[in-house]
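Letter by letter, the chains look like this.
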Amino acid sequence: MDASVILFVLKAYQSKTGVSCLRVLFIPNVGAVIPHLLPLMALDSQLEAGRHETAFLVPGAFHKSLKNLQRNVLDIDYRPEQLFRDEMAACGRFRPDVIVDDFSMAALLTSKVAKKPRVTILRTGAFPGSVPRDDSHRHSCESHSSDKFDFDAYFQNSELLCGIPAPKNFAEACAADISIVPGIRSIEALPASVGDDPNYAFAGALTVSDSAIPTPVARSTDTTDAILAFLERNQQRKIVYLTLGSVLKAGEAIREAIKYMLDTGVAIISTVDLPDVKTSRKELFFYAPFVPMHAVCSKVHLMIHHCGSGTYQYAITHQVPSICIGSRSYDRDDVAYRLEQLGVAKYIPFIDSVAVFIERFVKEFDQCMDNLGQWYQAAKQRLNLLWNENDRTAAIFNFEEVLKKAILLHGANLK
């Protein structure tokens, strides 16, 4: 349907039905809550306060933190072993007009059975028709030590419950009335088959302020103050921020890389611990499992990360060159490869040998440390271009219109 026609019909629909206040249910991926909850919180913040009613379905460990952030949290302990049951209970209790999820593996069935429009967050790795660059890579939701995700087994009752066959891949599992891409076209490149589809809405970076990041444990202002003091104390040094997110585990190679960096005299803020750091280097190393991302990334010379969900957005936002560490997960590594193509990151694919990894890491790191060098200077200029594209993308994105369009399309598809 042409965009102008959709807008015309949407206005007519609103005039006829009087739809102005919406009830929106937000559901994150339960296996990696924080990176998949933050974009939903960012979207929630874009709705006019007091005009719409929203609610979050999250694991019990996050209830207190989200309530403290003034979010409406349903009194349901969202658990991996009963996603569908909990999502249906949430629909019955909150009675939403629309479901907005970030990679929920049950929302396809929930929205179908509850007869609710679905708006989903969609990224590289779940675009329909896309093919991973490396066919040996898995999605980050799959384990490299076990069989691939068994869609037939996971959705074995989908045809019985809602009359649809089991999806064959993540793209089919994420099928929705509208898909929101939390990024820009230069990075999150849609396949040609859906490249011009108006039902894929680019939103730009969907991040929240440091003070609005929920945690499953009590927030410590002491840790934040200590990080800020560390940044101040080392402001005359080059500072590196290293994170592998909240899911990926660091191996010996990453710890050896940290030791090498410390030996060069840089300061490091890391979400990867190094218990045996030398006494002479302790003043240069700060470990914390959760950090104020904006405050840290605004002060560092280089960011080292795994290109996890939303992580690379902070490097773009604060225009910090990166080293992306491969994890053999195509939803991460394909973005890392794209960032390298764009000249804003160095991508190191997964390397099993610690010695070989360190050799490659040292080469890339030393080049990244030369802030007057050709690569680093070019990366800063290109990061600025990407951030400008993000600003333009965010400026034209209208979440409320996306929700209303999803309701319209859903109603039309039911007829």
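Residues numbered from 1 in each chain as written. Predicted model: local features only at pLDDT ≥ 70, side-chain atom pairs only at ≥ 80, totals over all residues. Heavy atoms only, no water.

Colleague: Help me understand unusual backbone geometry in this model?
Modeller: Where the residue is not glycine, phi is negative for most of them; where a peptide bond is considered, it is trans in most cases. A positive phi angle is found at lysine 115, which is not glycine, with a value near 60 degrees. Secondary-structure assignment places lysine 115 in the loop between helix H5 (107–114) and strand S4 (118–121). By relative accessible area, lysine 115 is classed as exposed at 62%. With a phi angle near 60 degrees, cysteine 307 is a residue other than glycine that sits in the positive phi range. Turning to its location among the elements, cysteine 307 is positioned in the loop between strand S10 (302–305) and helix H12 (311–317). According to the relative accessible area criterion, cysteine 307 is buried, its value standing at 3%. (Helix = DSSP H or I, 4+ residues; strand = E, 2+ residues; numbered from the N terminus. Buried < 20%, exposed > 50% of the residue type's maximum accessible area, 1.4 Å probe, protein only.)

Colleague: Just checking my understanding: could you explain the sheet that holds strand S6 (residues 200–202) for this structure?
Modeller: Two orientations exist for strands paired in a sheet by backbone hydrogen bonds: parallel and antiparallel. Strand order across the open sheet formed by six strands is S2-S1-S3-S4-S5-S6, with parallel pairing between neighbours. The open sheet is flanked by strand S2 (53–56) and S6, the only strands paired with a single partner. Strand-to-strand twist across the sheet, computed as the mean angle between neighbouring axes with direction ignored, equals 20 degrees. Pairing between strand S1 (residues 23–28) and S2: four bridges, direction parallel. Note on S2: the bridge partner recorded for leucine 25 is alanine 55. Set on the sheet, helix H2 (residues 33–46) makes contact with S1, S2, strand S3 (98–102), S4 and strand S5 (178–181); between it and S1 the angle comes to about 160 degrees. Sheet strands in contact with helix H4 (residues 83–94) are S1, S2 and S3, and its direction is about 160 degrees off that of S1. (Pairing = 2+ DSSP bridges. Axes fitted to C-alpha atoms, helices over the stretch in contact; angles between N-to-C directions. Contact = heavy atoms within 4.5 Å.)

Colleague: What am I meant to see in the sheet that holds strand S12 (residues 345–348) here?
Modeller: The strand order across the open sheet built from six strands is S9-S8-S7-S10-S11-S12, with neighbouring strands paired in parallel fashion. Both outer strands of the open sheet, strand S9 (285–287) and S12, are each paired with one neighbouring strand and no more. Shown here is a sheet whose adjacent strand axes are inclined to one another by a mean of 15 degrees, direction ignored. In terms of strand pairing, strand S11 (residues 322–325) meets S12 through four bridges, oriented parallel. Counted as the bridge partner of isoleucine 325 is isoleucine 348 from S12. Strands strand S7 (239–242), S10, S11 and S12 of the sheet are contacted by helix H14 (residues 354–368), whose axis makes an angle of about 175 degrees with S12.

Colleague: Sorry if this is basic, but what is going on with the pairing of S10 here?
Modeller: Successive side chains on a regular strand alternate, one facing one side of the sheet and the next facing the other. Of the two faces of S10, the one carrying Leu302 and Ile304 and the one carrying Met303 and His305 are both buried. Across three bridges, S7 lies against S10 in parallel orientation. Paired with tyrosine 241 across the strands is methionine 303, a residue of S10. Pairing analysis gives three bridges linking S10 to S11, with the strands arranged parallel. For isoleucine 304, the partnering residue across the bridge sits in S11 and is isoleucine 323. The parallel pair S10 and S11 is bridged by H12, and the resulting crossover is right-handed. (Right-handed = clockwise from strand over helix to strand, strands pointing away.)

Colleague: Whenever I open this one, the environment of valine 30 confuses me. Can you help?
Modeller: Inspection of the secondary structure puts valine 30 in the loop between S1 and H2. For valine 30, a relative accessible area of 16% gives the class buried. With 74 residues separating them in the primary sequence, valine 30 and serine 104 have C-alpha atoms 7.1 Å apart. Apart from the residues within four sequence positions on either side, valine 30 is in contact with Pro59, Tyr78, Arg79, Pro80 and Leu83.

Colleague: Quick question: what am I supposed to make of helix H15 (residues 374–396) here?
Modeller: Since one α-helical turn is 3.6 residues long, residues separated by three or four positions face the same way. If you check H15, its first and last C-alpha atoms are 34 Å apart, about what 23 residues at 1.5 Å a residue would give, namely 33 Å. Within H15, burial applies to Trp375, Tyr376, Ala378, Ala379, Leu383, Leu386, Glu389, Asn390 and Thr393. Here the buried face of H15 lies against S6, H12, S11, S12 and H14. (Expected span 1.5 Å × (residues − 1).)

Structural measurements only, silent on function.
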